[in-house]
Amino acid sequence: MARLPAAVSAGFLLVSACVRSVPTPDVPPPQEEPSQVIARIQDWEDRRSLGGGDLVRFATSAPDWAVRVRALRALARIQDAETLEAVLAGLTAPRNAVREEAAFAAGELAQSWEPLPEASRTALTEALVRAEASEAYAGVRNTLLESLGKLATPGAVEVLTARLSPANGPWSEAAATALGVAARKAGPAAVANVPLETIRALLEPRLRSEVNVAGAYLLAASKRLDGVDALRSCVASSIPDVMAPCVKSLGDLGSPRDALALNLMLGEATSRASAEVARALAQLAAKCEAGSPCAPLSALEGQAHLAKQVAEGKAAQGHVLLAVAQQGLPLQGRPVLSRMRSALAEADGTAVSDEAHADLAWLDCRFAAAMDRQLGALDQVLQCGYGRVPEARSLALGLHEVAQFKGQPTGAAFAVPYLNHVSPIVRGAALDALSERPVPEAMAPIRALIGGGDAVVAGLAAAAAGKLKDAEALTAVQALADRVPKEPDLAEAVAGALVALQGQAAEPRLRGWLAHPHANVRRVAAESLTTLTGTPVRSARVELPPDTYRPPAAPSGTTLTLRTRKGDITVLLDPDAPLTGGNLMALAKQGYFRGITFHRVVPDFVAQGGDPRGDGEGGPGYSIRCEMTRRPYARGTVGMALSGKDTGGSQFFFTHSPQPHLDGRYTAFGEVIQGMDVVDALLEGTIIDDVIVGTRAP
């Protein structure tokens, strides 16, 4: 402590002795502006911190309602079961906006990546049921119904079922969608007691189209055999989002005799709905008796003419062909696949552009891989794509498809030679294939890959060694486990291998991972320990340090324009997910996306890109935290691809159709505002030339 010189200190004492002491009134500390508090909440959220208890205090008792709402959103994204009481307290707040945000946060806790303890699920069910019964404000009540669907407990399903009637009532749409989500989460058995007639009533054409869409979603998700006739009626709808889910479910539950009705719809529906029809026909073909005429195959063979349309630049028609190839056909359908390939080769001679040539080439490799899956061995993919598809991509595709072969393996060691391929995506695909069809001769080369420099291949090799029960690989797996603290993406594969090869002896290491700063590592550890011990194990929330990387926030109104050879796609970023949008904005400014392809396209579901590896395993070398928003996954929503909590990087996807089961699970951070026709035309292999950052005009 600094000391005053002696003469000065004596004078100071003399003066102070002559002054009477006056009590100082209590002065309250200066109040922070709401904007300052919200900035602190943003920081806590991104660091997964509760602010020493302040975040819970703001969520439960902040005098400014906007601060309370923002604090509840932070709790929704942090997903800490210990904050359940604070979230539930918001359900009884006097302000509508607070109750609605609390209802959303409750739904986020209900679908945490690390499941809630049973006692918490019970408490959450009781609170949501109680709140829904007394809620007068429509917006809050709809959100409560959504959260009950995410919870999917029997009590939640009971309330949702009661809200389905009447079909033209105020809650039928939200309740039907929520029940569909419950069926997707907990399985069709969760909604088995919902009366079929109640569901059918939602499909009446006199009702609002939104109610019809919700009813079709529920009917399709419930997968009930007594609902097949309802599905057959539903597929005749002129509304694509009603027809498509019913067609998809009819493929699961119908019979080959449905082929005639489905065939009539091909060409009449939109390309994405036609893709669902083609996929359903491929599923029904598997139900035909071998050696007997098969109407679904005849219907599919008639679609070979679409190759010519792809050659003419109508790439969206390629979704029908892609759906057939991805679904695959029984061996009886091999002539159909061969006919498709012949049509593609013929059309290639008349293609109007380099892009059309590329589309035909990638589709050819898809059909070649489907043929190889039929026999369980690589053959056709070795000479597919007219020299335009990179060998690594065609081989990886073939290996993944052959791994799905369900017959008696012939030449089971087909993938072993590819473990030494120069491309990491081929080595990775070979490891995936050998995990499905393990052979002893793969053990030694797999061990060698566990210590390799490519983290993805090393992890896949560890997982394969675990499935092979290769005890000699344990030392290498343990060495790889030492890398997990700095390479968290390895955790899932390594944990599975440790459990398989080490058993109970792996417990100390896995318990150490429960305190890892990366949420997904903690989740993997908890799940693995639950398997090992037979007792539910949960991890604790870990606060990230202040210097944790966070991307710059995207300013409100920021757009990203993806330039592809099929046209431009413009995305308006959502201001409710500023860091997620900002991450892609920053990568775009670096030129990161130039030359990257859309590596995954599932017709009528998603088109996914942003992976520099091209196999769905790549990223920028870091991960960002999830920013769940209230934006639903409608047609044209842009979402962040994840492999667990807080694992976002550079991979994103566009939705072709409504996907309510993704709501609040994957960060929805924008919407397509121009170029949806281009999104519909994206096929596997479509190249992103660049991504341009812009600002939407006011």
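Residues numbered from 1 in each chain as written. Predicted model: local features only at pLDDT ≥ 70, side-chain atom pairs only at ≥ 80, totals over all residues. Heavy atoms only, no water.

Focus on the confidence of the model for the protein
Low-pLDDT stretches of the model should not have their predicted coordinates read in fine detail. Summary statistics for the protein give a mean pLDDT of 93 and a share of 95% for residues scoring 70 or more. Taken together, the stretch residues 1-28 has pLDDT below 50 and engages in one contact with residues farther than four places along the chain or on a different chain. (pLDDT = per-residue confidence, 0-100. Contact = heavy atoms within 4.5 Å.)

A few points about the packing of aromatic side chains
Under the defined criterion, the tally for this structure stands at ten aromatic pairs. Summarising the aromatic geometry, the rings of Phe-593 and Phe-652 are spaced 6.0 Å apart at their centres and angled 80° between planes, so their arrangement reads as edge-to-face. One end of the pair, Phe-593, is in the loop between helix H30 (578-589) and strand E3 (598-602); the other, Phe-652, is in strand E6 (residues 652-655), and 59 residues separate them in sequence. In terms of burial, Phe-593 and Phe-652 fall into one category: buried. Aromatic rings pair up to connect Tyr-592, Phe-593, Phe-598, Phe-652 and Phe-654 into one cluster. Note that Arg-57 overlies the ring of Phe-58, its terminal NZ or CZ placed 4.7 Å from the centroid. One residue, Arg-665, lies across the ring of Trp-113, its end atom 3.7 Å from the ring centre. (Phe/Tyr/Trp six-rings, centres within 6.5 Å; stacked < 30°, edge-to-face > 60°. Helix = DSSP H or I, 4+ residues; strand = E, 2+ residues; numbered from the N terminus. Buried < 20%, exposed > 50% of the residue type's maximum accessible area, 1.4 Å probe, protein only. Lys NZ or Arg CZ within 6 Å of the ring centre and 35° of its normal.)

Notes on the environment of Pro-517
Along the chain, the position of Pro-517 falls in the loop between helix H28 (507-513) and helix H29 (519-533). Residues Pro-517 and Pro-485 lie 32 residues apart in sequence; the distance between their C-alpha atoms is 8.7 Å. Contact partners of Pro-517, with chain neighbours within four places excluded, come to Arg-522, Val-542 and Leu-544.

Details of the sheet that holds E6
Reading across from one edge, E3-E4-E6-E5-E7-E2-E1-E8 is the order of the eight strands in this open sheet, with antiparallel pairing throughout. Strands at the two margins of the open sheet, each flanked by one partner only, are E3 and strand E8 (688-695). Put simply, the sheet's adjacent strands are angled 25° from each other on average, direction ignored. Strand direction decides the pairing type here: strand E2 (residues 567-573) and strand E7 (residues 668-674), joined by four bridges, are antiparallel. Considered in E7, the bridge of Val-571 is made with Val-672. (Pairing = 2+ DSSP bridges. Axes fitted to C-alpha atoms, helices over the stretch in contact; angles between N-to-C directions.)

Some remarks on the side chain of Gln-374
Along the polypeptide, Gln-374 turns up in helix H21 (residues 354-375). Take Gln-374: its relative accessible area is 10%, and that puts it in the buried class. Within the local environment of Gln-374, its side chain forms a polar contact with the backbone oxygen of Leu-329, the two atoms lying 3.1 Å apart. With near-sequence residues (within four places) excluded, Gln-374 lies in contact with Leu-329, Pro-330, Leu-331, Gly-333, Arg-334, Leu-337 and Phe-405. (Polar contact = N/O pair within 3.5 Å; in protein donor to acceptor, adjacent residues only side chain to side chain.)

A look at helix H4 (residues 65-78)
If you check H4, its first and last C-alpha atoms are 20 Å apart, about what 14 residues at 1.5 Å a residue would give, namely 20 Å. Where burial is concerned, most of H4 is hidden: twelve out of the 14 residues are buried. Those residues of H4 lying buried are Val-67, Arg-68, Val-69, Arg-70, Ala-71, Leu-72, Arg-73, Ala-74, Leu-75, Ala-76, Arg-77 and Ile-78. Residues of H4 that are buried sit in contact with helix H2 (34-47), helix H3 (54-61), helix H5 (84-89) and helix H6 (96-110). (Expected span 1.5 Å × (residues − 1).)

Considerations on the state of the cysteines
What the rule picks out here adds up to three disulfides. Residue Cys-288 pairs covalently with Cys-294 via a disulfide, S to S 2.1 Å. Taking the torsion about the S-S bond as the criterion, the Cys-288 to Cys-294 disulfide, at about 70°, is right-handed. Each member of the pair, Cys-288 as well as Cys-294, carries the same accessibility label: buried. Once the bonded cysteines of the protein are numbered in order along the sequence, the disulfide links fall as 1-2, 3-4, 5-6. (Disulfide = S-S within 2.5 Å.)

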